[in-house]
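# Remarks on the overall topology
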Amino acid sequence: MTPSQLAGLRLVFRTVGVASAVCNMLVIVFVVRLKQFHKPLQYLQAILAASEVIQSIIYMIGNEIAASDVILCNIVGAVAHFIFTFCLLQNFIISLYCFISIMYRPSVADACWNYYHAYVWGVSTILLVVLFLMQALWQRGDVFGDATYECWISYKYAELRVDLFYIPLSIHFAMLVYMYSRILFRVSQVQKSMHLEGIQTGVIPPLSENCEEDSEATHTGKSILRRTKSIRNATNEKLLLKAGWLACGYVLSWTAPCATRLLALVPGAQIPYWLSVWGALGLASCGLWNSGIFFISWFWNDIVKLFRAKS
């Protein structure tokens, strides 16, 4: 990569990074100041926003300090690995919260609050400690250093970028796919039950001549309708939108960086510049997804009313 190309990538990181940091700071301010956002899900989003502010700063700092201040680059690299992992897991936890709220009920999701934090903070710390252990075992020099875009895991330990970040990222993405499959399967099952019972949304079957059969059919119809409404009400649709938005952002932001890191491990492989630009855009913008859906969901009811009025 030529110096001018690298300068272009740094410009992407610093331009988009500033926008990401500002948006996430606004999320924190709104959650702290406005009582309507004093809810578990919004608190989780505020925590993610705070970590993404730090992530944006790391990308804005870049890798230039690796040549001038090795100790500072090591410190930034350690913070970077912890924050990158933390953002990944916090993003997943928000989707998990939405999944539990939809499939069960919000009170169940709220009851897992301490487990969410134990998982995110615990795994992030463990993966950071493992890096220092691998440095002591392999003895290739400092485990943190110049990682092309930022100070992170050094090229001397390039395989650990995959083992301790991109593999966990792929595992959590697979779990996101599983959660969405469960939700869609449950919705389809409820719709199928409604069809088999001859029920249309909001309509209970007409009375039959047999009062006992009619009572049973009515009870079944009401039960199915309750299940349908519990899954497809406005709140759950908003939760599903929020989790889906974050999952899509997860894929769009990390696909190109993952591809570039894997290609870098292949001897003699040339990474196309367009892929590097996509990777830079993805990494720099990964903090915009959480803040974006925060504000979209805030005005979601107004957006729905606007589209309904036009239709």
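Along each chain, residue indices are assigned from 1 in the same order as the chain's sequence is written. For a predicted model such as this one, the threshold for reporting local features is a pLDDT of at least 70, and the threshold for listing and counting side-chain atom pairs is 80 or more; totals across whole chains, interfaces and linings nevertheless cover every residue. Side-chain numbers come from the whole structure's heavy atoms, not from hydrogens or water.

## A few points about the pattern of salt bridges
Counted as salt bridges are all cases of a side-chain nitrogen of Lys or Arg within 4 Å of a carboxyl oxygen of Asp or Glu. Inspection of every chain in the model, using the stated rule, returns 4 salt bridges. Here Arg261 makes a salt bridge to Glu150, at a shortest N to O gap of 3.1 Å. Here the residue Arg261 occupies a position in helix H9 (residues 234-264), and Glu150 occupies one in the loop between strand E1 (144-146) and strand E2 (151-153), the gap between them amounting to 111 residues. When sorted by exposure, Arg261 lands in the same class as Glu150, which is buried. Among the ionic contacts, a cluster of salt bridges with common partners joins Arg10, Arg14 and Glu64. Secondary structure elements follow DSSP: runs of H or I no shorter than four residues count as helices, runs of E no shorter than two count as strands, and numbering proceeds from the N terminus. Between buried and exposed lies partly exposed: a residue is buried under 20% and exposed over 50% of the maximum accessible area for its type, with that area taken using a 1.4 Å probe on protein chains only.

## With respect to the state of the cysteines
Defined by distance alone, a disulfide is two cysteine sulfur atoms within 2.5 Å. Tallied over the entire structure, the rule returns 1 disulfide. Cys73 shares a disulfide with Cys151; S-S distance 2.2 Å. Its S-S torsion of approximately -110° makes the covalent link between Cys73 and Cys151 left-handed. Linking Cys73 in helix H4 (residues 70-103) with Cys151 in strand E2, this pair joins segments that are 78 residues apart in sequence. Residues Cys73 and Cys151 agree in their burial class; the two are buried.

## Quick word on the nonpolar core
As used here, the term nonpolar core means buried Ala, Val, Leu, Ile, Met, Phe, Trp, Tyr and Cys residues forming a set that is joined through side-chain atoms within 4.5 Å. Counting 66 residues, the largest nonpolar core has Trp152, Leu160 and Phe165 as the members making the most contacts within it. When residues of this core are traced back to their parent elements, those giving at least two are helix H1 (3-33), helix H2 (40-61), H4, helix H6 (113-138), E2, helix H7 (158-196), H9 and helix H10 (273-285). Ranked by residue count, the leading element in this core is H4, at 20 residues. In what follows, a contact means two residues having at least one pair of non-hydrogen atoms within 4.5 Å. Once residues within four sequence positions are removed from consideration, Trp152 is found in contact with Gly77, Ala80, His81, Phe84, Val143, Phe144, Gly145, Ala147, Arg161, Phe165, Tyr166 and Arg261. Core analysis: the next-biggest nonpolar cluster, separate from the first, contains 6 residues, Val27, Val31, Phe37 and Ala49 among them.

## Description of the packing of aromatic side chains
Geometry of aromatic contacts follows a simple scheme: Phe, Tyr and Trp rings, the Trp one being its six-membered ring, pair when their centres are within 6.5 Å, and the pair is stacked under 30 degrees between planes, edge-to-face over 60, tilted otherwise. On inspection of all chains with the given rule, the structure shows 20 aromatic pairs. Judged by centre distance (5.6 Å) and plane angle (80°), the rings of Phe30 and Phe295 are edge-to-face. Taken together, the residues Phe30 in helix H1 and Phe295 in helix H11 (residues 288-298) connect sequence positions 265 residues apart. On the numbers, 4.9 Å between centres and 75° between planes, the contact of Phe86 with Trp121 is edge-to-face. Taken as a pair, Phe86 in helix H4 and Trp121 in helix H6 lie far apart in primary sequence, 35 residues in all. Site record: aromatic cluster; members linked through ring pairs are Phe13, Tyr59, Phe84, Tyr149, Trp152, Phe165, Tyr166 and Trp254. Here the basic side chain of Arg140 rests over the ring of Tyr157, its NZ or CZ set 5.5 Å away from the ring centre. We call a charge positioned over a ring when the NZ of a Lys or the CZ of an Arg lies within 6 Å of the ring centre and within 35 degrees of the ring normal.

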